[in-house]
Amino acid sequence: MENKEQILLKYNRPGPRYTSYPPANFFHNKYNNTNLIAHVVESNTIGPENISIYIHIPFCSQRCHFCGCNTTLFESEKVVIRYIDCLIKEIHSVATHINTKDRQVTQIHWGGGTPNSIKHEHIIRVMNEIRSLFTINKNAEIAIECNPAYLDYNEIHFLRDSGFNRISIGIQDFNPKILDCVNRLHSKLPHNELIKIVREAGFTGVNYDFIYGLPGQTVESFNNTMKQAIELSPDRLVTFSYAHVPWVMDEQKNLEKLGLPTPEEKLSMFLSSMEIVANSGYEQIGLDHYAKPTDDLSKALREKQLHRNFQGYCTKETTGQVYGFGCSSITQLWGGFSQNEKSLGKYMQRIETEGLAVERGYSLSFNEQICKEVIDETMCNGIVDFTEIGARFSISGEEVKSIIGYNDEKLLEFVTDGLLTITPKGIDVSKTGMLIVRNIAMAFDPQLNTDGDKYSKTI
Ligand SMILES: C[S@@+](CC[C@H](N)C(=O)[O-])C[C@H]1O[C@@H](n2cnc3c(N)ncnc32)[C@H](O)[C@@H]1O
Ligand code: SF4
């Protein structure tokens, strides 16, 4: 089977996104602050040695109706100050358990919410605190997610002077009518001016985020947005499929009233935008990420050194074990995952009294660590060598296969459709196969619950 549309429709089944293994719905609230500290201590003796830091800033001044992120409307400067105090206290509580002498920070990522909507003094305070507690590698990637509504010359230079070298700009759509439909503020500067200032300020990486599937968007209008993006030449771009979960995000009901594109229209938007971007010299990373061939992500894909965490795709060289700070942030260590309180109020209250605010998490067993490696390699690099993975755990390739419940028969449909080759070492996913790689990863998940209801469809 060759046709990409046919493949995508055929395999559009409920399944985990495998942003983590096991998926976040396995996290439970018996996991607590004590478990986190045990995993932090353990993380000093188990690889990867690198430290990645995630800082969550939940504040936004206006809520975009499509938004599925953990955000809170800006209430008062007093709340922001209290939150920053808590962030700093939390960083201290965790850092005392990290071997900061022998381990270096190779990645810092600020996400949200809108991290660039808070006052400069708060960003400076947190950055100074990180610098005073950790050693930052000279090649560290220091990234921030920005809403262009707050980006002007001074803001961009301030961020660059504060040490950020990568900027992720949430464009969503260039069409102002679409932005109005979804209650999103417009960019402060015209986009050609904005990217010029960003480049001149010395940012080495520029990402653009887009969403398809919003009210008012058509295949043609989204194609135009993609063509405009390519002219501006960001290093990476992502086309997120709009995730409609009005039972969790009340404001998304506003979009239903305006009329959402049909699933068929959405699929055409995805395929058409993919063709435009991929034919413009960008390499496709996973389903919906694209990078210039010279970008680190493309190089890592070619060298099979791509990695993925809750912050998105990254290279194995840059990313390390991830220590997350702030409400809802997820710490991702070798031994397990730990997520903080999602509610801003509860997070601050617990940090003030306990120093930590773990809401839920998960400790990985030995077998789960092996499944995690197999699923991560499948999802990121599309190649699995069972003997090589076994060697990381001092077991044989056959033992790895037995732990993941490997069975050739589970893969036959993919082989017949030309999506995967079974090799003497393991498996090799084709370029088209990478479009449905979640389905392939599901074949290596011994804990997969096939009733499926709790997962969104794979595409
Ligand atoms: C934390 S937000 C972005 C940062 C910044 N606040 C902004 O709006 O530009 C990260 C990205 O998630 C994506 N996103 C948010 N809600 C989404 C949804 N419901 N479905 C798919 N993608 C979504 C958007 O593309 C957004 O740029
Ligand atoms: S998309 Fe960005 S600015 Fe809009 S509500 Fe979500 S986090 Fe805030």
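Residues numbered from 1 in each chain as written. Chains lettered and ligands numbered in written order. Predicted model: local features only at pLDDT ≥ 70, side-chain atom pairs only at ≥ 80, totals over all residues.

Q: Is there a simple way to think about the overall build of the protein in this case?
A: Looking only at helices and strands, one finds 17 helices and 19 strands in the protein. Rg of the C-alpha trace for the protein: 22 Å, near the compact-globule value of 23 Å for 459 residues, within the 12% margin. Considering only C-alpha atoms, the protein reaches an extent of 60 × 50 × 40 Å along its principal axes. Split into buried and exposed, the 459 residues of the protein put 44% on the buried side. (Helix = DSSP H or I, 4+ residues; strand = E, 2+ residues; numbered from the N terminus. Rg over C-alpha atoms; globule rule 2.2 N^0.38 Å. Buried ≥ 20, exposed ≤ 12 C-beta atoms within 10 Å, placed from the backbone.)

Q: What should I look at first to understand the packing of helix α5 (residues 153-161) against helix α7 (residues 191-201) in this one?
A: Pairs of packed helices are described in terms of their axes, by the angle between the two and the distance that separates them. The geometry of α5 relative to α7 is characterised by a closest axis approach of 10 Å and an angle of 30° between their N-to-C directions. Considering their axes alone, α5 and α7 lie roughly parallel with respect to each other. For the element pair α5 and α7, the recorded crossing hand is right-handed. Between α5, through Tyr-153, Ile-156, His-157 and Arg-160, and α7, the contact on the second element is made entirely by Ile-197, Val-198 and Ala-201. Residue classes in the contact of α5 with α7 are distributed as 5 nonpolar, 1 polar and 1 charged. (Axes fitted to C-alpha atoms, helices over the stretch in contact; angles between N-to-C directions. Parallel < 35°, antiparallel > 145°, perpendicular 65-115°, else oblique. Left-handed = near helix turned anticlockwise from the far one by under 90°. Contact = placed C-beta atoms within 7 Å. Nonpolar A, V, L, I, M, F, W, Y, C, P; charged D, E, K, R; others polar.)

Q: For this particular structure, what's the right way to read the domain arrangement of the protein?
A: By a frequent convention, interface size equals the accessible area lost on bringing the separate parts together. Domain assignment breaks the protein into domain 1 (23-363) and domain 2 (366-442). Taking only C-alpha atoms, the centre of domain 1 and the centre of domain 2 are 29 Å apart. Facing 6 residues of domain 1, the contacting portion of domain 2 comprises 7 residues. Among the residues making up the side of domain 1 that touches domain 2, the classes are represented as 2 nonpolar, 2 polar and 2 charged. (Domains from an automatic or database assignment.)

Q: Would you take a moment to explain the environment of Ala-441 for this structure?
A: With respect to the secondary-structure elements, Ala-441 resides in helix α17 (residues 437-442). Taking the C-alpha atoms as reference points, Ala-441 and Glu-377, 64 residues apart in sequence, are found 9.3 Å from one another. Apart from the residues within four sequence positions on either side, Ala-441 is in contact with Tyr-18, Ile-375, Thr-378 and Met-379.

Q: Sorry, what's going on with the sheet that holds strand β18 (residues 420-422) here?
A: Strand-to-strand pairing in sheets goes through backbone hydrogen bonds, with the strands running parallel or antiparallel. Reading across the sheet, the 3 strands line up as β17-β19-β18 and stay open at both edges, with antiparallel pairing between neighbours. If you trace the sheet from one side to the other, it starts and ends with β17 (383-385) and β18, each paired once. The sheet shows a mean angle of 15° between the axes of neighbouring strands, direction not considered. With 3 bridges connecting them, β17 and strand β19 (residues 426-429) associate as antiparallel partners. Residue Val-384 lies in a different strand from β19, and its bridge partner there is Ile-427. Seen against the sheet, helix α13 (residues 366-381) touches β17 and β19 and runs at an angle of roughly 145° to β17. Sitting on the sheet, helix α16 (residues 408-416) touches β18 and β19, and the angle it makes with β18 is about 140°. (Pairing = 2+ DSSP bridges.)

Q: Sorry, what's going on with unusual backbone geometry here?
A: Among all residues save glycine, negative phi is the norm, and among peptide bonds the norm is trans. That bond from Tyr-21 to Pro-22 is cis: its omega, -10°, falls within 30 degrees of zero. For the bond from Gly-112 to Gly-113, the omega torsion is 20°, close enough to zero to count as cis. Structurally, the position occupied by Gly-113 is in the loop between β4 (104-112) and α4 (120-133). Of note in the backbone geometry, Tyr-18 takes a positive phi value of approximately 55° without being a glycine. Locating Tyr-18 in the fold gives a position in the loop between α1 (4-10) and α2 (33-43).

Q: Explain the pairing of strand β5 (residues 135-146) to me, please; I cannot follow it from the model alone.
A: Along any regular strand the residues' side chains alternate between the sheet's two faces. Examined bridge by bridge, β4 and β5 share 6 bridges and lie parallel to one another. Pairing of His-109 across the sheet is with Ala-143, part of β5. In terms of strand pairing, β5 meets strand β6 (residues 166-172) through 4 bridges, oriented parallel. Paired with Glu-145 across the strands is Ser-168, a residue of β6.

Q: Help me understand the pairing of strand β15 (residues 336-340) in this model?
A: Counting buried residues in β15 gives 5 out of 5 residues, a clear majority hidden from the surface. Where strand β14 (residues 330-333) lies against β15, 4 bridges are found, and the strand directions are antiparallel. Each bridged residue has a counterpart across the sheet, and for Ile-330 the counterpart in β15 is Gln-339. Connecting β14 to the next strand, β15, in antiparallel fashion are 2 residues.

Q: Just to check I follow, could you spell out the packing of helix α8 (residues 219-232) against helix α10 (residues 263-278) for this structure?
A: Viewed as axis vectors pointing N to C, α8 and α10 meet at an angle of 25°, and their least axial separation amounts to 9 Å. Judged by the inter-axis angle, α8 sits roughly parallel to α10. Crossing hand, α8 versus α10: right-handed. Here Val-219, Phe-222, Asn-223, Met-226, Lys-227 and Ile-230 of α8 come into contact with α10, specifically with Glu-265, Ser-268, Met-269, Ser-272, Ser-273, Ile-276 and Val-277. Its residues assigned to classes, the contact of α8 with α10 comprises 7 nonpolar, 4 polar and 2 charged.

Q: Looking at this model, I keep getting lost on the site of ligand 2. Mind explaining?
A: The environment of ligand 2 is formed by Cys-60, Arg-63, Cys-64, Cys-67, Cys-69, Thr-71, Gly-112, Gly-113, Thr-114, Asn-147 and Gly-170. Within the shell around ligand 2, the residues separate by chemical class into 4 nonpolar, 6 polar and 1 charged. (Near = placed C-beta within 6 Å.)

Q: Even after reading the chapter, I still don't get the environment of Asn-12, so can you show me in this structure?
A: Note on placement: Asn-12 falls in the loop between α1 and α2. Residues Asn-12 and Ile-436, 424 residues apart in the sequence, show an inter-C-alpha distance of 8.2 Å.

Q: Sorry if this is basic, but what is going on with α10 here?
A: Since the α-helix packs 3.6 residues into each turn, any two residues three or four apart lie on the same face. Its 16 residues place the ends of α10 22 Å apart at the C-alpha level, agreeing with the 22 Å of an ideal helix rising 1.5 Å per residue. For α10, every residue scored as buried is listed here: Lys-266, Leu-267, Met-269, Phe-270, Ser-273 and Val-277. The buried residues of α10 all sit within an arc of 155° when viewed along its axis, so they share a single face. Where the residues of α10 are buried, they touch α1, β7 (205-212), α8, β8 (236-241) and β10 (289-291). (Expected span 1.5 Å × (residues − 1). Arc of directions from axis to C-beta.)

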